[in-house]
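Chain by chain, the residues run as shown.
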Amino acid sequence: MISHWFHPEDRNSIRPERLSKSSLWHQVRFVHEEEAPCTSGDLVLISFDRHVSKRVKKYLFQFTNMPGSSLRILDCGIFVQNQPETLLPILEEICSSGATVLLLGAPLGLMKNLISGTRMVSVIRESNLDDDIYLRTEGQSPLIQYIGTQRHLVSESNVQIEGHLRLSELREDLGLAEPCLRDSEVLLFNCDSLSAAEAGYMTGISSSGLTVMEACQLFRYAGASQSMNVISIYGYNYESDENGLTANSMAQMIWYLMEGSMLKEDPERSTLTQYIVQPKDNDHLLKFYKSEVSGRWWIENRSGGKIPCSYQDYRKACEDDYSGIVIRSILG
């Protein structure tokens, strides 16, 4: 078992005796108390900083339990090694079991190795931050979709080579983020993407940004993904968060990630309606599918697989205005 890689945490600060029997606390399993292997129904919680972990879990464990959730928290405690890359074999073992990993405060040195060659979505306010550049310095670059970037913080050269969903676009329709979250394997959430008013402190945060409600909805989309197996929340400064508002927000996001897991859908097993579009300048038929259960959309790629997309992607294709998903999947 993986327990020897982690330090157990002091739970007295959580004061479990005061928590309701319907709280999430009573459904959490602790890796130091059992030797059962990870399963596909586990949300494996790994922390890297005792202060961050204590603050977030104080709120998370008092939230109400979700009997219908397909995810159950397995709390590992605090990672003990100073070299973050030593965790990689453990993460591979956990992910191979089908479990989902949630990393609280993971260092960028770990993330750089973890995301190599993966489909990743990054919720961040600018794509030319030093930490983002650091992720790209070595090895195979990840396939990145950026969510929540702000026009005045992103260079035009970056926009031309990367997928961006602007904060302004999300304000008009947050559902635009759902397909790329559903198609990703790794989610990185930088706490700096929250607005300062929402986060409750100013250090490193822009006056404009995501609201907590928007961030929670993004995590709900991530929870509904069939392919998402690693979620990392980083960039939190606990010393500046004196009133605990950001820690509470992070706990809420994790709760909605779990709620979203009840909405997972396998397109190979769902009842789908097919819609065919014939491009004017391409002989390849575009085959779209809509779930009659959830209303989600997919497009069939050249190998016959179904790639998450949106109704807007279908409507644009009907007008010979092809979105990035269609171009990458079919026409590229």
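This text follows the structure it describes.
Per chain, the residues get numbers from 1 upward, laid out in the order the sequence is written. Given that the model is predicted, a residue must reach a pLDDT of at least 70 before its local features are reported, and side-chain atom pairs must reach 80 or more before they are shown or counted; all residues, however, enter totals for whole chains, interfaces and linings. Excluding hydrogens and water, the side-chain figures rest on all heavy atoms present in the structure.

> In this structure, what is going on with the overall build of the protein? I would like to understand it.
Labels follow the DSSP assignment, with helices taken as runs of H or I lasting at least four residues and strands as runs of E lasting at least two, numbered in each case from the N terminus. Per the secondary structure count, the protein includes 12 helices and 14 strands. Sorting the 332 residues of the protein into buried and exposed places 53% on the buried side. The contact definition used throughout considers only heavy atoms, calling two residues in contact when any of these lie within 4.5 Å. Counting only contacts in the protein whose residues sit at least 6 apart along the sequence, the fraction spanning at least 24 positions is 71%. Surface summary for the protein: the accessible area is close to 15,200 Å², and the carbon and sulfur share equals 47%. Partly exposed residues are those whose accessible area sits between 20% and 50% of the maximum for their type, while under 20% is buried and over 50% is exposed, using a 1.4 Å probe and protein chains only. Note on areas: Shrake-Rupley with a 1.4 Å probe; residue coverage comes only from the protein chains shown.

> Sorry if this is basic, but what is going on with the nonpolar core here?
The nonpolar side chains of soluble globular proteins are, as a tendency, buried together. Within the largest apolar cluster, 54 residues are counted, with the highest numbers of intra-cluster contacts made by Ile147 and Leu181. If you tally residues by element for this core, the top one is helix α10 (residues 245-260), at 8 residues. If you look at the next biggest cluster of nonpolar residues, it comprises 28 residues, including Ile2, Phe79, Leu91 and Leu188. Joining through side-chain atoms within 4.5 Å is the link that ties buried Ala, Val, Leu, Ile, Met, Phe, Trp, Tyr and Cys residues into a set, and such a set is a nonpolar core.

> When you look at the environment of Ala222 in this model, what are you seeing that I'm missing?
Along the chain, Ala222 turns up in helix α9 (residues 212-223). Taking the relative accessible area as the measure of exposure, Ala222 reaches 2% and is therefore buried. Once the C-alpha coordinates of Ala222 and Ser261 are considered, the two residues, 39 residues apart in sequence, prove to be 8.1 Å apart. Residue contacts for Ala222: discarding those within four places in its chain leaves Leu181, Leu187, Met228 and Leu257.

> When you look at the pattern of salt bridges in this model, what are you seeing that I'm missing?
Any two side chains of opposite charge can pair, so long as their charged atoms come close to each other. Whenever a carboxyl oxygen of Asp or Glu lies within 4 Å of a side-chain nitrogen of Lys or Arg, that contact is scored as a salt bridge. Considering all chains together, one arrives at 16 salt bridges under this definition. When the shortest N-O distance is used, the salt bridge between Lys306 and Glu268 registers 3.6 Å. Taken together, the residues span a long stretch of sequence, with Lys306 in strand β14 (residues 306-309) and Glu268 in the loop between α10 and β11 (272-277) at a distance of 38 residues. Through salt bridges that share partners, Glu178, Arg182, Glu265 and Arg296 make up one connected network.

> I keep staring at the packing of helix α1 (residues 50-60) against α10 and nothing clicks. Help me out?
Put simply, α1 and α10 touch, their axes get as near as 8 Å, and they point 60 degrees apart. Classified by the angle between their axes, α1 and α10 sit oblique to one another. At the point where α1 passes α10, the crossing takes the right-handed sense. Contacts between α1 and α10 pair Val52, Arg55, Val56, Tyr59 and Leu60 from the former with Ala247, Asn248, Met250, Ala251, Ile254 and Trp255 from the latter. The nonpolar class holds Ala, Val, Leu, Ile, Met, Phe, Trp, Tyr, Cys and Pro. Asp, Glu, Lys and Arg form the charged class, and all remaining residues, Gly among them, are polar. Among the residues forming the contact of α1 with α10, the class breakdown is 9 nonpolar, 1 polar and 1 charged. The angle between two axes is taken between their N-to-C directions and runs from 0 to 180 degrees, where each axis is a line fitted to C-alpha atoms and a helix contributes only its stretch in contact. Under this scheme an angle from 65 to 115 degrees is roughly perpendicular, one under 35 degrees roughly parallel, and one over 145 degrees roughly antiparallel; angles in between are oblique. For any helix crossing, the convention is left-handed if the near helix is rotated counterclockwise from the far helix by under a right angle, and right-handed if that rotation is clockwise.

> I tried to follow the packing of aromatic side chains on my own but got confused; where do I start?
The way to describe two aromatic rings as a pair is by their centre distance and the angle between their planes. We call Phe, Tyr and Trp rings a pair once their centres come within 6.5 Å, taking the six-membered ring for Trp, and we label the pair stacked below 30 degrees between planes, edge-to-face above 60, and tilted otherwise. Per the stated rule, a full pass over the model turns up 13 aromatic pairs. Aromatic pair Trp5 and Phe79: ring centres 6.4 Å apart, planes at 15 degrees, arrangement stacked. Here the residue Trp5 occupies a position in the segment before β1 (6-7), and Phe79 occupies one in strand β4 (residues 72-79), the gap between them amounting to 74 residues. For Phe79, a relative accessible area of 7% corresponds to the buried category. Relative to Tyr256, the ring of Trp255 lies with its centre 4.9 Å away and its plane at 75 degrees, an arrangement referred to as edge-to-face. A residue is classified by how much of its surface remains accessible, and Trp255, at 12% relative accessible area, is buried. Residue Tyr256 is classed as partly exposed on the basis of its relative accessible area of 30%. Site record: aromatic cluster; members linked through ring pairs are Tyr275, Phe288, Trp297, Tyr311 and Tyr314. Its end group placed over the ring of Tyr289, Lys306 keeps NZ or CZ at 4.7 Å from the ring centre. The criterion is that NZ of a Lys, or CZ of an Arg, lies within 6 Å of the ring centre and within 35 degrees of the ring normal, and then a charge sits over that ring.

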